[in-house]
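Next come the chains, spelled out residue by residue.
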Amino acid sequence: MDNVHDRLTADPAETNPLPRPVQRLLAFALYAVLALVWLLDLVPSDGLRTPQNDWLPPLLTGPAAAVLLLVPDRWLSLERRAWAAACGSLAVTGGMLLAGQRGGGSWGLLETVCLLIMLARTCRWVRRPLAAVALGAAVIAAPARMVDNPDSLSFAFALTFAVGVAVGLGCYLRAQDGHRARAVDAVRQGERLELARDLHDFVAHHVTGIVVQANAGRAIRETAPDQIDPILENIQKAGMETLDSMRRLVRVLREVDGRPRRPGELFTELAAMVSDFCGGEAQDATLSVAAPARAARLAPEVETSVHRVVQESLTNARRHAPGALVAVKMGMDDGRLRVEVRNMPPAAPPAATRSAAPVGGRGGFGMVGLRERVAAVDGTLEAGGTPDGGWRVAGTFPVLAVAGSAG
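Only a predicted model underlies this, so the values are computations on that prediction, with no experimental measurement involved.

Draft legend 1. Region of interest: the overall build of the chain. Scanning the chain from N- to C-terminus turns up 13 helices and seven strands. A buried classification covers 40% of the 407 residues belonging to the chain. Long-range contacts, defined as pairs at least 24 residues apart, comprise 74% of the intrachain contacts of the chain with a sequence gap of at least 6. About 21800 Å² of surface is accessible on the chain, with carbon and sulfur atoms providing 61% of the total.

Pasting the structure below:
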């Protein structure tokens, strides 16, 4: 639970599922709303035409609150900004009450709006949102600046409901963020368990080979001693590969369960998978494997990761792009295996497929698990839309060696 909460409170942008262009648009909209509200502070302030300075506090406290609201977290944390805004607002209210100065026709709409937004953000992001209490008190107490206005109590009562809405919205978003973080953790944990199953199979496969070769060595020790050294080299090689697989995977493993998969048959399994994808469905898929890729020797855990990426991509294409042509390509790129699964735009009308975003799009967790698995074997994975309206998933993986190459 602490791990989930730490990630939620570390950087709000990391848990924001909105695309960056949408975030920028919302930011500009916020700036425009705040500017409009600040101009509204001028409307009831007819003190601009009087010797009094009743209009001055709202025009100063509003921009100050807006600055505290919009300052980036990397400059000043949200919790400190919330405390500064709340204490500053309460200090202004208390000073005006002690001085007996009335606040014109308004206590500062911009200040109130900024404090309410900061209140909602504090309830959402801050680990221990005690500052929310001070912010709520500052908002409710602000109308008291209008000392001689009989409606100040009514305004304060109305703002109590606004504070409740801000708190409720912040708590709701906090709960949604927690749910999303827990879902991401569940996906990652599932991939860890799957990797643990693979590790069990890999170790069993290599150790079995080591035992078989050791028995063979004992059997020919007397009759063919010249064959002992090659057998010992094979045993050493198998042992090193086993240790390498364990080092790569143990970083993310926690538990073990089992479903076997035979190493060394990746391309056969991919061909069968693509064939099954086309069978019984009005959808075509092609598989092309370049000769260098077919000659590459992969670690067992890399084979299963490639298998998983292709499997997840085909499933995703069938769900979100029915009828579209899918192309699976494998080749070598700068000494690494490159796997790409690309589908054309869906054959169905856009309205029929618009409701479900592809894996890796907003709100999906499929790419979370794939990236977890690929990163565990020192690979990279990227996914995104194509200019023609399709979808592409591409990954690169390390190889142990390429047949026919030096070393």
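Draft legend 2. Looking closely at a nonpolar patch on the surface. Taken together, the side chains of Phe 28, Tyr 31 and Leu 70 define a hydrophobic patch exposed on the protein surface, amounting to about 310 Å² of accessible area. Counting through the fold element by element, Phe 28 comes out in helix H2 (residues 20–40).

Draft legend 3. Spotlight on unusual backbone geometry. Residue Asp 334 is not a glycine yet carries a positive backbone phi of 55 degrees. As for its position among the elements, Asp 334 is in the loop between strand S3 (326–333) and strand S4 (336–343). Positive phi, normally seen in glycine, also occurs at Asp 378, with a value near 65 degrees. Looking at the secondary structure, you find Asp 378 in the loop between helix H13 (366–376) and strand S5 (380–385).

Draft legend 4. Spatial organisation of the environment of Ile 231. Topologically, Ile 231 is positioned in helix H8 (residues 228–249). Taking the C-alpha atoms as reference points, Ile 231 and Ala 214, 17 residues apart in sequence, are found 7.5 Å from one another. Ignoring sequence-local partners within four residues, the contact set of Ile 231 consists of Gln 213, Ala 216, Gly 217 and Ile 220.

Draft legend 5. Local environment of the sheet that holds strand S1 (residues 285–289). Spatially, S1-S3-S4-S6-S5 is the arrangement adopted by the five strands of the open sheet, whose pairing is mixed. Each of the sheet's edge strands pairs with one partner strand only, and the pair in question is S1 and S5. Looking at each pair of strands side by side, their axes are set apart by 10 degrees on average, direction ignored. Where S5 and strand S6 (residues 391–397) come together, six bridges link them in antiparallel fashion. The residue of S6 that forms the bridge with Glu 382 is Ala 394. Lying over the sheet, helix H9 (residues 266–278) contacts S1 and S3, oriented at roughly 165 degrees with respect to S1.

Draft legend 6. Inspection of empty space enclosed by the protein at higher detail. Counting across every chain of the model gives two cavities of 30 Å³ or more. Quantified by volume, the second largest cavity comes out at close to 40 Å³. In terms of lining residues, the second largest cavity is bounded by Ser 313, Asn 316, Ala 317, Val 341, Asn 343, Trp 391 and Val 393. Going through the elements one at a time, helix H11 (300–320), S4 and S6 are the ones with two or more residues in the lining of the second largest cavity. Residue classes in the lining of the second largest cavity are distributed as four nonpolar, three polar and no charged.

Draft legend 7. Quick peek at the pattern of salt bridges. In this structure the tally under the stated criterion is seven salt bridges. The salt bridge involving Asp 73 is made with Arg 81; its shortest N-O contact spans 2.4 Å. Judged by relative accessible area, Asp 73 falls into the partly exposed class, the value being 38%. The class for Arg 81 is buried, based on a relative accessible area of 2%. Arg 338 is the partner of Glu 340 in a salt bridge, and the nearest nitrogen-oxygen pair spans 3.6 Å. Given a relative accessible area of 24%, Arg 338 falls into the partly exposed group. In this structure, a network of salt bridges that share partners links the residues Arg 338, Glu 340, Arg 342, Glu 382 and Arg 392.

The rules behind the values
- Each residue is numbered by its place in its chain's sequence as written, counting from 1.
- Reporting of local features is limited, given that this is a predicted model, to residues whose pLDDT is at least 70; pairs of side-chain atoms are given and counted only at 80 or more, and all residues count toward the totals for whole chains, interfaces and linings.
- Values reported for side chains reflect all heavy atoms of the structure, with hydrogen atoms and water molecules removed beforehand.
- Where helices and strands are cited, they refer to DSSP runs of H or I of at least four residues and of E of at least two residues respectively, numbered from the N terminus.
- Burial classes follow relative accessibility: with a 1.4 Å probe on protein chains only, a residue under 20% of its type's maximum area counts as buried, one over 50% as exposed, and anything between as partly exposed.
- Any two residues whose heavy atoms approach within 4.5 Å at even a single point are treated as in contact.
- Per-residue accessibility takes into account occlusion by the displayed protein chains alone, with areas from the Shrake-Rupley method and a 1.4 Å probe.
- Only residues whose relative accessible area exceeds 30% and that form no salt bridge enter a patch; like-charged residues are grouped when within 9 Å of one another, and nonpolar side chains (Val, Leu, Ile, Met, Phe, Trp, Tyr) when within 5 Å.
- Each salt bridge in this description consists of a side-chain nitrogen of Lys or Arg and a carboxyl oxygen of Asp or Glu lying within 4 Å of one another.
- If DSSP finds at least two bridges between two strands, the strands pair.
- Under this scheme, a helix contributes an axis fitted over its contacting stretch, all axes are lines through C-alpha atoms, and angles between N-to-C directions fall in the 0 to 180 degree range.
- Whether a set of points on the 1 Å grid over the protein atoms alone is a cavity depends on a 1.4 Å probe fitting there but being unable to get out, while an open set qualifies as a pocket with protein on both sides within 12 Å along at least five of seven lines; lining residues are those with an atom within 4 Å of a point.
- Grid points are joined across faces, edges and corners, and a volume is the space filled by probe spheres set on the points.
- Just so you know the grouping, Ala, Val, Leu, Ile, Met, Phe, Trp, Tyr, Cys and Pro go in nonpolar, Asp, Glu, Lys and Arg go in charged, and all remaining residues, Gly too, go in polar.

Distances and angles like these do not, on their own, reveal function.
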